[in-house]
Structure formats: structure tokens, C-alpha cells
Amino acid sequence: MPAATFTAPDGTELSYHVLGEGEPLLCLPGGPMRASAYLGDLGGLSAHRQLVLLDLRGTGDSAVPTDPAGYRCDRQADDVEALRRHLGLERADLLAHSAAGDLALRYAARYPERIRALVLSNARGRALGVDFTTEHRLEAAALRKAEPWFGSAHGAFEAIWAGTATDEDFDAAMPFFYGRWDAAAQAHAAAEVAQTNDEAGEHYASAGAFEPAATRAALAALRAPVLFLAGELDGGPLPRIAATIAGLLPTAELTVQPGAGHYPWLDDPAFFVRTVEAFLARANVVDHLRRPA
């Protein structure tokens, strides 16, 4: 799909891709700093919404910033705002996956009046002071003991969180991130390295990126409805950690997708699309009723 462009506040040219028709849904990719191509059409959500897939700076078709400090999560919040303005939206529906959960939370804290509805899929909550631990990851991994690949993959998975993993270990551990280790999951996993800007990822959560107390305080007054969708088999976050993150947002609801890993639109596209579209439809109806006649 061809890319369209706009200019970030610091002059960096950023790209986005549009799929489908209907109400726009701004989609922020995780990684951190992985090109938006891995989101695909979010399991067919493009049949219901116009997906606006942002390539974060230095990924996909977006340019590399002059100053690497511009990769920091909080600084990219202004990129999201620049995209909203570029699209001419008074307020935007926003979907963030994985590490982009922190970006969406920083954006919501800075521009709460510009969000109509927010979907956090398998999202991080470092921006709120909630993080995942090695114990969380291994707890989720233990749920997969009956899988035929478990024996060969578990040692590699442990090595990742111990900081001793080789490239081969990362490859071997990939099944833990998917609810179904089928051909689609394998192709999706194989594209990760080429789609990810590791240097940018090192800056994403660097010192100063998160101010949990201030962000929690700002989001305590957020009026926009929030859906947190977690995967039953995902360790980042575990469903109970997802519940903790959602509990810090006054308008949030939590849905746990059965049998899903870190990429729920691949594991059960119908469930994912049905859940997200129903939430956005409800949120938009409520928004319409609140607006003055």
C-alpha cells in the first residue's frame, strides 16, 4: 500500500498507510519501533474502519530524525498530534499495540481532549508505572507445556529474559508470542527483524521518557472510553497485569481474548475485530449523545 506523508514538529517527514474506508482509526505500532506493516489489516478490521497506520520515525517509510533523542516515547506524542491535525480530525479514535501503549498513554495525558476512544491491545503500561517482569513472562510460558514445540523453545525463551540469548534463541522462542504457531504466525515472526529499528528502540524508553505519577494524575480525568484487550496466553502483559493497567484509567474496560498471544488479530481475527468494532461503535454513539445539538 502506498504511503502518504506529513511533517513532524521537528521537521522529520513521517509516513502513514491507509487501509479500508469509514471512520478513521489511527493505529500506533509497537516493537518498540517496528514498522506498521506488521499490523496488516488487523485481522480484517479494515472492513469496518479506515485504518491509518503510522510508521513511527525511523521505521517503515518514515525518515530518520536528525537528533536520535527524537525517538524517545514522550517526544513522539507530538508526532501523533501532528498526524491528527494533518488528517483534519477534531478528535481521533486511536489503537495502540504493545510498546505503543506507552506512546498512546503519553499522548492521552498531553492531549486528552483530542481522543474520542482508545484501544490498547496487549499494551505496555510503563507510562503509568506498571511493567512486566521475567516472572510474568515465564508464568505465561508455562501455560504452553502441552505444545509440541515447548521442549525445544523453553530454554531459548529463558535465555531471552536472562539476557544471554543468541539470535538462534530469539528465533526458537517465537512460538511463545503467538496463540497459534501456524504458517501465518511463522511468516509474521520472520518479518520482525527487517521491520524493526533496534537503535531507535534503545532510545524509546530512555531516561525521561516516562513520568508515571504525572501521567496517572493527568489520565485520572480522561473522559474518552478505553478498551484494554489482553491475550489469555500473553506474558506481556499477563491478563491480571492488564487489569492493573486498566484499573488506573477511569473509563477503561478489560477484555481477555481466549487462546490469544501477543498478536490477537492473528490468533482469532473474528474475535478481535468483533470486540474492537463493537467497542468503537458504542464509544462513538456515546460521544454523539454528549455533543451539543
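The structure this text deals with has already been given above.
How each quantity is defined
Residues numbered from 1 in each chain as written. Predicted model: local features only at pLDDT ≥ 70, side-chain atom pairs only at ≥ 80, totals over all residues. Heavy atoms only, no water. Helix = DSSP H or I, 4+ residues; strand = E, 2+ residues; numbered from the N terminus. Buried < 20%, exposed > 50% of the residue type's maximum accessible area, 1.4 Å probe, protein only. Contact = heavy atoms within 4.5 Å. Areas by Shrake-Rupley, 256 points an atom, 1.4 Å probe, with all protein chains shown as cover. Lys, Arg positive; Asp, Glu negative; His and termini not counted. Charge placed at Lys NZ, Arg CZ, Asp CG, Glu CD. Phe/Tyr/Trp six-rings, centres within 6.5 Å; stacked < 30°, edge-to-face > 60°. Pairing = 2+ DSSP bridges. Axes fitted to C-alpha atoms, helices over the stretch in contact; angles between N-to-C directions. Salt bridge = Lys/Arg side-chain N within 4 Å of Asp/Glu carboxyl O. Core = buried A, V, L, I, M, F, W, Y, C linked by side-chain atoms within 4.5 Å.

S.K.: Can you explain the overall build of the protein? Please cite residues and give values.
M.R.: Broken down by element type, the protein carries 12 helices and 8 strands. For the protein, the residues scored as buried account for 54% of the 293 residues in total. Long-range pairs, those at least 24 residues apart, make up 73% of the contacts in the protein with a sequence separation of at least 6. When the accessible surface of the protein is summed, it comes to about 12100 Å², and 53% of that surface belongs to carbon and sulfur atoms. With 25 positive and 38 negative side-chain charges, the protein shows a separation of 9 Å between the mean positions of the two kinds.

S.K.: Any details on the side chain of His154? Residues and values, ideally.
M.R.: You can see His154 is positioned in helix α4 (residues 150–162). By relative accessible area, which is 19% here, His154 ends up buried. Setting aside anything within four residues of it in sequence, one finds His154 in contact with Ala141 and Phe176.

S.K.: I'd love a proper account of the packing of aromatic side chains, names of residues and values included.
M.R.: Enumeration over the complete set of coordinates arrives at 13 aromatic pairs. Judged by centre distance (6.2 Å) and plane angle (85 degrees), the ring pair of Tyr38 and Tyr263 falls under edge-to-face. Separated by 225 residues along the polypeptide, Tyr38 in the loop between β3 (24–28) and β4 (50–55) and Tyr263 in the loop between β8 (252–257) and α11 (264–267) bring together distant segments of the chain. The exposure class of Tyr38 is buried, given its relative accessible area of 3%.

S.K.: Before we move on, can you summarise the sheet that holds β8 with the specific residues and values?
M.R.: An order of β1-β2-β4-β3-β5-β6-β7-β8 is seen for the 8 strands of this open sheet, with the pairing classed as mixed. The strands lining the two open edges of the sheet, one partner per strand, are β1 (3–7) and β8. Averaged over all pairs of adjacent strands, the angle between their axes in this sheet comes to 25 degrees, without regard to strand direction. Its contacts with the sheet place helix α1 (residues 73–87) against β1, β2 (13–19), β3, β4 and β5 (92–97), and it is angled at close to 110 degrees to β1.

S.K.: Tell me about the pattern of salt bridges, residues and numbers included.
M.R.: For the structure on display, the rule yields 18 salt bridges. Taking the shortest distance from any N to any O, the salt bridge between Arg49 and Glu277 comes out at 3.6 Å. Of this pair, Arg49 sits in the loop between β3 and β4 while Glu277 is found in helix α12 (residues 269–290), placing the two residues 228 residues apart along the sequence. Ionic pairing is found between Arg57 and Asp79, a salt bridge with its closest N-O pair at 2.7 Å. Note that Arg57 is positioned in the loop between β4 and α1 and Asp79 in helix α1, a separation of 22 residues in sequence. Accessibility expressed as a relative area gives 3% for Asp79, which makes it buried. Overlapping salt bridges, with partners in common, bring together Glu23, Arg49, Asp93, Arg116 and Glu277 in one network.

S.K.: For the nonpolar core, give the residues involved together with the corresponding values.
M.R.: Formed by 54 residues in total, the largest nonpolar core has its most connected members in Leu28, Leu94, Leu103, Leu120, Leu219 and Phe228. Once you skip the residues sitting within four places of it in the chain, Phe228 turns out to touch Leu120, Asn122, Ala123, Pro237, Ala242, Ile245, Ala246, Glu253, Leu254 and Thr255. By size, the runner-up hydrophobic cluster in this structure holds 35 residues, among which are Leu45, Ala117, Trp149 and Trp265.

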